[in-house]
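Structure assessment
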Amino acid sequence: MVFYFTSNVVAPPVTLFMGADKHENEDLIKWGWPEDVWFHVDKISSAHVYLRLGPGQTIDDIPNAVLDDACQLVKANSIMGNKMNDIDIVYTMWSNLKKTPSMEVGQVAFHRDKEVRKVRVVKRINETINRLNKTKKETFPDLRLERETRDRLEREDKKKLLREKKEKEKEEEKRKKEEAELRSYATLMKTENMTTNYDGNDSDDFM
């Protein structure tokens, strides 16, 4: 089961989601998208909360209001973190999550520590949590199918862009060739390059 929340602090609203337990967290880790941003309370147990970026967006494009919502949601879904003030929330791109066979279910590390960001959360904000909980939906998505569909569409888009690129290159080559032929024809038709009988190029010899 995956829980989905709507953060309506921006327009259009964005979706935050997390696994119901460590087993769902494991599936989210396995079938995450390159566009997913992962959030967790630093150094203590908590939910794994995700934000899926839109096309062309980067982790730097997350609005502060959405970042606050994600951090509050992580804190509220940490048994220890929910009771504590002044805790740190870490977040990074899903692609930076490192999973090895020796790790426990739901446990992760990072490929590159320098790509992990940290936000200090002073305290729980009940208004934020109540607002998000009102949008909570429980579903049983096929995470593998969603990821495979996403990858298939990406491959199709890349093939389409490649075809369009080749067509443009072919059109450009044709245009350059036509321009070269026109320049060549124009050169041949210049008056100084044309000859007449008056130039002494008559092929008949008269005495």
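Residues numbered from 1 in each chain as written. Predicted model: local features only at pLDDT ≥ 70, side-chain atom pairs only at ≥ 80, totals over all residues. Heavy atoms only, no water.

Identification of the protein chain as Coiled-coil domain-containing protein 25 from Danaus plexippus plexippus is taken from an unreviewed UniProt entry. Taken verbatim from the UniProt record of the protein chain, the Subunit (unreviewed entry) comment is "Interacts (via cytoplasmic region) with ILK." For the protein chain, the Sequence similarities (unreviewed entry) comment in UniProt is given as "Belongs to the CCDC25 family." (UniProt positions renumbered as here; feature names shortened; annotations may be inferred.)

What follows deals with the pattern of salt bridges. Under the criterion given, the structure shown has 15 salt bridges. Note that R150 and E35 form a salt bridge whose closest N and O atoms lie 2.6 Å from each other. Here E35 lies in the loop between helix 1 (22-30) and strand 3 (36-41) and R150 lies in helix 4 (residues 143-188), a separation of 115 residues in the sequence. In this structure R150 comes out as buried when scored by relative accessible area, which is 10%. Residue E35 is classed as partly exposed on the basis of its relative accessible area, which comes to 24%. Across the salt bridge formed by D60 and R117, the nearest N and O atoms sit 2.6 Å from each other. Of this pair, D60 sits in the loop between strand 4 (49-52) and helix 2 (64-76) while R117 sits in strand 8 (residues 117-121), placing them 57 residues apart in sequence. (Salt bridge = Lys/Arg side-chain N within 4 Å of Asp/Glu carboxyl O. Helix = DSSP H or I, 4+ residues; strand = E, 2+ residues; numbered from the N terminus. Buried < 20%, exposed > 50% of the residue type's maximum accessible area, 1.4 Å probe, protein only.)

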